[in-house]
Amino acid sequence: MVERDRGTKLMTTYTPQYLGLPKGVWSQEGGVRNAGEGIVIGFVDTGIDPLHPSFAYDPLDPYKSKFSGVCETGPRFPSSSCNGKIVSARFFSAGAQAVAALNSSVDLLSPFDASGHGSHVTSIAAGNAGVPVIVDGFFYGHACGMAPRARIAVYKAIYPTVGTITDLVSAIDQVIYHKFPSVCSFNVLSRIEIEIDFEQALLDGVDILTLSIGPDEPPEDTLTFLSVFDVFMLFARRAGVHVVQAAGNQGPAPSTVTSYSPWTVGVAACTTDRRYPRTLLLGNGIRVEGVGLSGPTFGGGLFLHELVLAKDAVRPNGSYPKTPQYIEECQYPEALNPNIVRGSIVICIFSEGFYNGTSTLAAIISTAKTLGFMGFILLANPIYGDFIAEPIPYSLPGILIPKVANAQIVSEYYEEQTSSKEGTATVTRFKARAAIEEGRVASFAGPSPIVSRFSSRGPDFQDYRRQPTDVLKPDILAPGHQIWAAWSPISALDPLLTGYNFALLSGTSMAAPHVVGVAALVKQYNPSWTPSMITSAISTTATKYDDYGEAIMAEGYEVNSLHTSTHFDLGAGLIQPSRAIDPGLVLSSEYEDYLGFLCSLPDVDPSEIKVATGSWCFHSIGHPANLNQPSITITDLSGFQVVRRSVRNVGSKPETYLCSVLPPNGTMVNLVPSWFPVAPLATQDLEIHFNVTQAMSQFTFGEIVLTGSLNHIVRIPLSVLPLSLI
């Protein structure tokens, strides 16, 4: 099977505590010094910085298990880089070199990470414990991965200049081949190029595969499930590898997920309750809230400094273009009078350039350094409305004021205190004063989690036309907003972070490794479990409530807007590591079940499945919704339908479960049996009877709850579109 290369996209000091690891799973696995021991996690990404302390090896604390993988060398990556913590490292560049002219200064042909993304993702899942996070001389705390004793296998498939599906799947194929050589025994010539990177991860004995990168659009000429990328993730699952994907960063629009298949775990992103508050103190005593991760202006708020609006400091006779980038947005130092702005806090306006993406904070900071600003303010513009601001570290005092209401407070004060020459716009006296206060100290307040606005949403879909399918995506919710983790000082794609060893980033790329690390802990605690059992345990024990006991909210289209989340926002809910290691029951599916799912899809040619997977359709599960997933999604419920599930008791004692249902609107749902006893390692088949009571124009949501006599609670999300009564 040959498929057009679609390109790819890149998709902490607090989250272990937020998820309850120190007193929960870690304590049950021998403490942080043993958390993740014996597990190998593969990362298909932009590489790794082997000199970062998050990936250092301590010879005084050796690993208990023996492991040795392939270690490729190259620029900035000598053989010593595979140090015991990093057990394997490879790079794949055939696709990248075929489609673009690589820049040798940043597109390094080695496993070294020149962008920072791969190092960030890797350290969230498996970074060493107790690593000091110091940025611009300020100590933010200690970093620690979810599974700090897990070891790392690196597969670089993305370069600063370009990333291709060819290199991505090549990495995954390498994972598969080593773990289960027969999986790739049917290689076709067109696949031999495409299969190397997944294969290498299986070659290296990888237990869990992390994909915080992936295709930037669905395939045009085949089902999403049958793309080369998804088929090789199916092979990875067949080989016993647990595959976790970022769900994508195209939210909050519906059907934007980039994780499609039921054999992978698609992860949505949410906030935690940590914030970095920052204020601007005006000369009249009013404090205005904003965002900015930097120190205060000189005096720490005790001294007030002259406040200057950028357009009031422009050179009147300059030869520069009279555009907002020059006049308002502080992008070009040659446009401003240094005698006016030197030593002042300069107000830059969020205008046309920022709105269309051509202006940058990096340019403001460069201008500020060149002209000697005391600090800068980026002020919201009523013309463009509120904007989204993240607390990026600045090397000089700066604050973003993204809300128009707060910006107007600043503007009104400035205008009251500023004198102009009569009949002109020329300012004769700057009397406004202000101080930027400390912005690097965290506070912990407010409801959390909240599904992040950028996090891609369901429903899942099966083709380029986004036709919904009977699979729940995203699967699970995890922290992915403002996450501290390792960074590469080269920072080839983000000049604001050049020279830094840590970065505070947001994205589903940051959420996915949280789930990866938790999966490693579950695997360590239950070493015989298959990937689908781990997936089920994580899903059925998740919570849909925030830390106030209310339904988890989700950010909407409008800045600062919230609505009650659905399963298409958060999947089963927020991951709960301490409950996932002991879920009571699991629902599992294996390779043959996934083939049965594919063969049950409507209007799919069995020969297409044979070409993609190498297997004929000898087994169908009747309806796609019958795949034994820890969720049920029905996209076209008409009249009456029976869906089947099978649960297995993974506890050490017999337990009796009582079944209850919160039915989706427009349906009546019954379980048969309504209660059941189940012995250790025994299974129980369930029938879920759906009846449409009212036709609906959109999906509605509910859940099945199985409550055990030993206090296990198993939740199965329901997402249904009731189309007709008949």
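Residues numbered from 1 in each chain as written. Predicted model: local features only at pLDDT ≥ 70, side-chain atom pairs only at ≥ 80, totals over all residues. Heavy atoms only, no water.

As recorded in an unreviewed UniProt entry, the chain goes by the name Subtilisin-like protease SBT3.5, listed as coming from Tripterygium wilfordii. What UniProt records for the chain under Sequence similarities (unreviewed entry) is the sentence "Belongs to the peptidase S8 family." The Subcellular location (unreviewed entry) comment attached to the chain in UniProt states, word for word, "Secreted". (UniProt positions renumbered as here; feature names shortened; annotations may be inferred.)

A.B. asks: Hey, could you run me through the overall build of the chain in this one?
C.D. replies: Within the chain, the secondary structure is distributed over 19 helices and 36 strands. Along the three orthogonal principal directions, the C-alpha set of the chain runs to about 85 × 60 × 50 Å. Across the 726 residues of the chain, 60% fall into the buried class. For the chain, the exposed area adds up to about 26600 Å²; of that, 54% sits on carbon and sulfur atoms. Counting 46 positive and 64 negative side-chain charges, the chain places the centres of these two groups 6 Å from one another. (Helix = DSSP H or I, 4+ residues; strand = E, 2+ residues; numbered from the N terminus. Buried < 20%, exposed > 50% of the residue type's maximum accessible area, 1.4 Å probe, protein only. Areas by Shrake-Rupley, 256 points an atom, 1.4 Å probe, with all protein chains shown as cover. Lys, Arg positive; Asp, Glu negative; His and termini not counted. Charge placed at Lys NZ, Arg CZ, Asp CG, Glu CD.)

A.B. asks: Would you mind going over the sheet that holds strand β15 (residues 345–349) with me for this structure?
C.D. replies: Through backbone hydrogen bonds, the strands of a sheet pair up, either in parallel or in antiparallel fashion. Read from one edge of the open sheet, seven strands run β13-β12-β20-β14-β15-β16-β17, paired in mixed fashion. Here the strands that pair on one side only, and so sit at the sheet edges, are β13 (287–290) and β17 (398–401). Strand-to-strand twist across the sheet, computed as the mean angle between neighbouring axes with direction ignored, equals 30°. The strands that helix α12 (residues 361–371) touches are β15, β16 (375–379) and β17; relative to β16, the one it contacts most, it runs at about 150°. (Pairing = 2+ DSSP bridges. Axes fitted to C-alpha atoms, helices over the stretch in contact; angles between N-to-C directions. Contact = heavy atoms within 4.5 Å.)

A.B. asks: Is there a simple way to explain the side chain of T667 in this structure?
C.D. replies: Inspection of the secondary structure assignment puts T667 in strand β32 (residues 667–672). Note on T667: relative accessible area 8%, which makes it buried. Sequence-distant contacts of T667, that is, excluding residues within four places in its chain, are made with L637, N691, V692, T693, V720 and P722.

A.B. asks: Looking at this model, I keep getting lost on the sheet that holds strand β30 (residues 640–649). Mind explaining?
C.D. replies: The four strands are arranged β28-β30-β34-β32 in an open sheet whose pairing can be described as antiparallel. The sheet is open, and its two edges are formed by β28 (585–586) and β32, each paired on a single side. For β30 and strand β34 (residues 683–692), the ladder comprises nine bridges, and the chain directions are antiparallel. The residue of β34 that forms the bridge with V643 is I688.

A.B. asks: Is there a simple way to explain helix α19 (residues 606–613) in this structure?
C.D. replies: Counting along an α-helix, one turn takes 3.6 residues, and residues three or four places apart therefore face a common direction. All buried positions along α19 are accounted for by I609, A612 and T613. In an axial view of α19, the angular spread of the buried residues amounts to 75°, which keeps them on one side of the axis. One or two positions beyond α19, positive phi appears at G614, with a value near 85°. (Arc of directions from axis to C-beta.)

A.B. asks: How do you make sense of the pattern of salt bridges when you look at a structure like this?
C.D. replies: Counting across every chain of the model gives twelve salt bridges. In this structure, R33 engages D61 in a salt bridge whose closest nitrogen and oxygen atoms are separated by 3.3 Å. Of this pair, R33 sits in the loop between α2 (25–28) and β2 (40–45) while D61 sits in the loop between β2 and β3 (86–91), and the two are 28 residues apart along the sequence. Judged by its relative accessible area of 58%, R33 falls in the exposed class. For the salt bridge of R715 with E703, the shortest nitrogen-to-oxygen distance reads 3.0 Å. With R715 in strand β36 (residues 713–724) and E703 in strand β35 (residues 700–708), the pair connects residues that are twelve residues apart, well separated along the chain. The network of salt bridges with common partners includes R33, E37, D61 and R149. (Salt bridge = Lys/Arg side-chain N within 4 Å of Asp/Glu carboxyl O.)

A.B. asks: Whenever I open this one, the environment of V243 confuses me. Can you help?
C.D. replies: Summarising the element assignment, V243 is placed in strand β9 (residues 242–246). Note: C-alpha distance between V243 and D207 (36 residues apart in sequence) is 8.9 Å. Residues contacting V243, with those up to four places away along its chain left out, are L209, L211, M233, A236, T264 and V265.

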